[in-house]
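Each chain, letter by letter, is given below.
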Amino acid sequence: MSIDKTSTPPEDHVVENPEAARGSDVAVDPRLLVREQGLAGYVSEFKRKIKAGDLGSMPVVIGLVIIWIIFQSLNSNFLTAGNLSDISVAMVGTGMIAVGIVFVLLLGEIDLSVGSLSGVAGATFAVLNITHGMNEVLAFVLAILTGTVAGAIQGFFFAKIGVPAFAVTLAGLLFWNGFMLKILGDNGTINLNSDGLVAKLTSYYFSDVAAAYGLAIAVTVLYFLSAFFGNKRREAAGVPSKPLSETILRTVLLAVVSFAVAIVFNQYKGLPLAVVIFVGVLVVTDFVLRRTAYGRKVFALGGSVEASRRAGINVDMVRISVFAISGTFAALGGLFIASKIASANQGAGGGDLLMNAIAAAVIGGTSLFGGRGRTWNALLGVLVIVSIQYGLALEGIASPVQYMITGGVLLATVVIDAVTRKTQKTAGRA
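Fair warning: this is a prediction, and the values are worked out from it, not measured in the lab. Residue numbering note: each chain is counted from 1, following its sequence as written. Restriction of local features to residues with pLDDT of at least 70 applies here, the model being predicted, together with a cutoff of 80 or more for giving and counting side-chain atom pairs; totals for whole chains, interfaces and linings are based on all residues. Excluding hydrogens and water, the side-chain figures rest on all heavy atoms present in the structure.

S.K.: Explain helix α10 (residues 244-266) here, please?
M.R.: For an α-helix the count is 3.6 residues per turn, leaving residues at separations of three or four pointing the same way. Segments assigned H or I by DSSP are reported as helices when at least four residues long, segments assigned E as strands when at least two residues long, and all are numbered from the N terminus. Here the expected span of a helix is defined as 1.5 Å times the quantity of residues minus one. The end-to-end C-alpha separation of α10 is 33 Å, in line with the 33 Å expected for 23 residues at 1.5 Å each. In this scheme, a residue with accessible area under 20% of its type's maximum is buried, one over 50% is exposed, and one in between is partly exposed, where area comes from a 1.4 Å probe on protein chains only. Listed in full, the buried residues belonging to α10 are Glu246, Thr247, Thr251, Ala255, Ser258, Ala262, Phe265 and Asn266.

S.K.: In this structure, what is going on with a positive patch on the surface? I would like to understand it.
M.R.: Patch building starts from residues that exceed 30% relative accessible area and form no salt bridge, then joins like charges within 9 Å and nonpolar side chains (Val, Leu, Ile, Met, Phe, Trp, Tyr) within 5 Å. Each accessible area value is a Shrake-Rupley result obtained with a 1.4 Å probe; residue values ignore everything except the protein chains displayed when judging cover. By salt bridge we mean one thing: a side-chain nitrogen of Lys or Arg within 4 Å of a carboxyl oxygen of Asp or Glu. For the purpose of counting charges, residues Lys and Arg are taken to be positive, whereas Asp and Glu are taken to be negative. His and the chain ends are not included. Positions of charges follow a simple convention, taking NZ of Lys, CZ of Arg, CG of Asp or CD of Glu. A grouping of Arg233, Arg234, Lys242 and Arg291 is seen on the molecular surface, where their side chains present a positively charged patch. For Arg234, the location among the structural elements is in helix α9 (residues 209-236).

S.K.: Could you clarify how one ought to interpret the packing of helix α5 (residues 114-131) against helix α7 (residues 165-184) in this entry?
M.R.: When two helices pack together, you describe them by how their axes are tilted relative to each other and by the distance separating the axes. The N-to-C vectors of α5 and α7 enclose an angle of 20°; their axes lie 8 Å apart at closest approach. In this view, α5 runs roughly parallel relative to α7, as classed from their interaxial angle. Regarding α5 and α7, the two cross each other, and that crossing is left-handed. When α5 is examined against α7, the residues Ser116, Leu117, Gly119, Val120, Ala123, Thr124 and Val127 are found in contact with a partner set consisting of Gly172, Leu173, Trp176, Asn177, Phe179, Met180, Ile183 and Leu184. Looking at the contact of α5 with α7 residue by residue, the class counts come to ten nonpolar, five polar and no charged. Inter-axis angles, ranging from 0 to 180 degrees, are taken between N-to-C directions of lines fitted to C-alpha atoms, where helices are fitted over the stretch in contact. An angle counts as roughly parallel when it lies under 35 degrees, as roughly antiparallel when it exceeds 145, as roughly perpendicular when it falls between 65 and 115, and as oblique in every other case. Two helices crossing with the near one rotated counterclockwise from the far one by less than a right angle form a left-handed crossing, whereas a clockwise rotation gives a right-handed crossing. In this analysis, two residues are considered to be in contact whenever any of their non-hydrogen atoms come within 4.5 Å of each other. Asp, Glu, Lys and Arg are counted as charged, while Ala, Val, Leu, Ile, Met, Phe, Trp, Tyr, Cys and Pro are counted as nonpolar; the rest, among them Gly, fall into the polar class.

S.K.: Please clarify how the packing of aromatic side chains should be interpreted in this entry.
M.R.: How two aromatic rings sit relative to each other is given by the distance of their centres and the angle of their planes. The aromatic pairing rule takes the rings of Phe, Tyr and Trp, using the six-membered ring of Trp, and pairs them if the centres are within 6.5 Å, calling planes under 30 degrees apart stacked, those over 60 edge-to-face and the rest tilted. Evaluated as defined, the whole model comprises nine aromatic pairs. Put simply, the rings of Phe175, Trp176 and Phe179 touch in pairs and so form one group of aromatic residues.

S.K.: Which parts of the structure should I look at to understand the nonpolar core?
M.R.: Side chains of nonpolar character tend, in soluble globular proteins, to be buried together. Residues enter a nonpolar core if they are buried and are Ala, Val, Leu, Ile, Met, Phe, Trp, Tyr or Cys, with the set joined through side-chain atoms within 4.5 Å. If you look at the biggest cluster of nonpolar residues, it comprises 85 residues, and the most contacted ones within it are Met96, Val99, Phe125, Phe140, Val298 and Val322. Broken down by element, the residue count for this core peaks at 15 residues, all from helix α4 (residues 81-106). When sequence neighbours within four positions are dropped, the list of residues in contact with Phe140 reads Phe125, Leu197, Val198, Leu201, Leu332 and Leu335. Ranked by size, the runner-up nonpolar core spans seven residues in total, among them Ala212, Ala216, Leu271 and Val279.

Below you can see the structure in the form of structure tokens.
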């Protein structure tokens, strides 16, 4: 992307001023403007984002805080270290599936088969490892590859044959569910080895307090280095970047949250292995989407398929790969869910799992219309959903009410997303 230097004043003289921009004869993308220094700059930036409908993760973070305050006022046990640790482990299975859903939603498509594929992965591992005695690691890898291949097959029908993703994955939901029931056999339930690899995914905790604090330090340092050198690269390229003060402020806020979480974990059993893996997955997938050519292609397709095709992007390849990624994370999530219940059974992948996985991605901030979202949205969304589930469970409220409340939260999120898109179109940013 080139910048017209004749229409843009030097960087140290550019001040964000929406009023002046509206009076200018030259249309300038507000995302390229350098903010004012100091507090006034942040206030100005905040106002601009609100007017442009660029709300980011703010609504879901505010919503999560409100949810926690309400449930803590109803039951003092909600924000205890034990309950929060249990929530963090319980959310990983659905969260993994939601990560794959984020990739699909970025294309503006949907994958309805992820629930069934998660069940297939758990059943595949159980049959290979428990029934046939296959090595745990090999069975684990093959179970994940089952999801990858299944997702790629569905992506092929969508990309190459032209069958709508909704229809393909709806057929997949039925087919893979039947496949799971077939391989489980008449018994329908296979218990996993309680000391085995899969079982330890959700049962193992790093009891040494240094583990939780070490992860907090690693996350904080990694974020700062990424933001700092990212700004340096933008400056070297002559592209406006965020001021160092903002990078430091964001790093401090992340450090506060990270160490608060570490303290909570250390007050209970320690750092859960499941959380470490989930955070690692979020970091890697976020890097892939935001820092690689492949990630840019995914976002480009979500913006305009035809424009992407004309730009030389292999549309079919990206589509197939995205559905393969979705199947892979569905399988990985299924193994975490099997670990949580220490078995593979006929009910795996059913119930509200599909709804919760899609809702987690959308509630977290990924747009249903494609082209906007991050894998970190899966973390925020699933945290909201599982918090609601645990909070209502502490109050002894039945599942029907949980469905109603989760549905209401999802509807509110979609409404916010739709209103945001209209606002951005009005502001000329969509």
